[in-house]
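Chain by chain, the residues run as shown.
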Amino acid sequence: MSQPYPDIDIATFIDHSLLSPIATPVQVEQWCDEADRYRFASVCVLPVHVKQATNLLHGKQPKVTTVIGFPLGASTSIVKLYEAQEAVENGATELDVVINLGWLKAGNLDALHRELAEIRDATGCPIKTILEMSLLTEEEKQIAAQICLEAGAAFLKTSTGWNGGATVADVRLLREIAQGRVGIKASGGIRTIEHALELIVAGATRLGTSKGVELLRQRDTLEKPSSNPSVS
């Protein structure tokens, strides 16, 4: 990376994500331990693991985040609403909601807005709306972001990670649309410290990644002073 690292604590940006369909309770325990040890912003787990994560992180700093309508966003509204309410009852404090992309592309914007607003109102929980940017045209990205803002989203999120990863260009676009009103979450394919910091510089205020611990190790390694100073 050619530019200096920004003076930030990158751990505070990270949603330490474990969203594999074959994730086990043992892995959930590991992710929660790491989230607490490294003081990540949150641990992000599938709905089935929320109660376990809540118990493990009770009284500790990291939040418990889960995903709603993941990964396709095509569940019916009543199913998404129930899933969100159950997640909050089980202890989730942030919800990453996949928007209905079919509705967006069909121009069914009232239904899209209503679904998101109902989840927000029924749970009282901050929602991060997942736009799946790689599947949208530039116009659709603009429209989706505006609908999510109007529906009360707390964050605009780039992607699930299942259909392409976070790009600097998309983060910049969301930052321009948001104008500081909400957070921007970049997610998908964040595997290097260089990429993570580029996304933060572009405007990301949260990073969704399963590689949080590795990112911290990379930064520590890159910032370590040279062990071979020149001889005077």
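Since we're looking at a predicted model, the values are computed, not measured.

### Section: the overall build of the chain
Line of reasoning, step 1. A count of helices and strands for the chain gives nine helices and eight strands.
Line of reasoning, step 2. With the principal axes as the frame, the chain shows a C-alpha extent of 70 × 40 × 30 Å.
Line of reasoning, step 3. Taking all 232 residues of the chain together, 50% fall into the buried category.
Line of reasoning, step 4. As displayed, the chain has an accessible area near 11,000 Å², and 52% of this comes from carbon and sulfur atoms.

### Structural notes on the side chain of Glu 115
Line of reasoning, step 1. Structurally, Glu 115 can be placed in helix α5 (residues 109-123).
Line of reasoning, step 2. Among residues more than four places away in sequence, those in contact with Glu 115 are Ser 75, Thr 76, Ser 77, Lys 80, Asn 100 and Trp 103.

### Brief notes about the packing of aromatic side chains
Line of reasoning, step 1. Under the counting rule described, the total for this entry stands at two aromatic pairs.
Line of reasoning, step 2. Relative to Trp 162, the ring of Phe 70 lies with its centre 6.3 Å away and its plane at 75°, an arrangement referred to as edge-to-face. In this pair, Phe 70 sits in the loop between β3 (63-68) and α3 (77-89) while Trp 162 sits in the loop between β6 (155-157) and α7 (168-178), placing the two residues 92 residues apart along the sequence.
Line of reasoning, step 3. The exposure class of Trp 162 is partly exposed, given its relative accessible area of 48%.

### Comments concerning the nonpolar core
Line of reasoning, step 1. Among the nonpolar cores identified, the biggest contains 66 residues, and Val 43, Leu 95, Ile 99, Leu 131, Leu 156, Leu 199 and Leu 207 are the most heavily contacted of them.
Line of reasoning, step 2. Residues within four places of Leu 156 in sequence aside, it is in contact with Thr 129, Ala 145, Cys 148, Leu 149, Leu 174, Ala 178, Val 182, Gly 183, Ile 184 and Lys 185.
Line of reasoning, step 3. Core analysis: the next-biggest nonpolar cluster, separate from the first, contains seven residues, Leu 19, Cys 44, Val 98 and Ile 130 among them.

### A short note on the pattern of salt bridges
Line of reasoning, step 1. Considering all chains together, one arrives at 16 salt bridges under this definition.
Line of reasoning, step 2. Linking Glu 115 and Lys 80 is a salt bridge whose minimum nitrogen-to-oxygen distance equals 2.7 Å. Of this pair, Glu 115 sits in helix α5 while Lys 80 sits in helix α3; the two residues are 35 residues apart in sequence, bridging distant segments of the chain. Lys 80 shares its class with Glu 115; the two are buried.

### Description of the environment of Cys 44
Line of reasoning, step 1. Mapped onto the elements of the fold, Cys 44 is located in strand β2 (residues 42-45).
Line of reasoning, step 2. Sequence spacing of Cys 44 and Arg 120 is 76 residues, and the spatial spacing of their C-alpha atoms is 18 Å.
Line of reasoning, step 3. Look past the residues within four positions of Cys 44 in its chain and what remains in contact with it is Asp 15, His 16, Ser 17, Leu 18, Leu 19, Thr 65, Thr 66 and Val 67.

Rules and cut-offs
- Residues numbered from 1 in each chain as written.
- Predicted model: local features only at pLDDT ≥ 70, side-chain atom pairs only at ≥ 80, totals over all residues.
- Heavy atoms only, no water.
- Helix = DSSP H or I, 4+ residues; strand = E, 2+ residues; numbered from the N terminus.
- Buried < 20%, exposed > 50% of the residue type's maximum accessible area, 1.4 Å probe, protein only.
- Areas by Shrake-Rupley, 256 points an atom, 1.4 Å probe, with all protein chains shown as cover.
- Contact = heavy atoms within 4.5 Å.
- Phe/Tyr/Trp six-rings, centres within 6.5 Å; stacked < 30°, edge-to-face > 60°.
- Core = buried A, V, L, I, M, F, W, Y, C linked by side-chain atoms within 4.5 Å.
- Salt bridge = Lys/Arg side-chain N within 4 Å of Asp/Glu carboxyl O.

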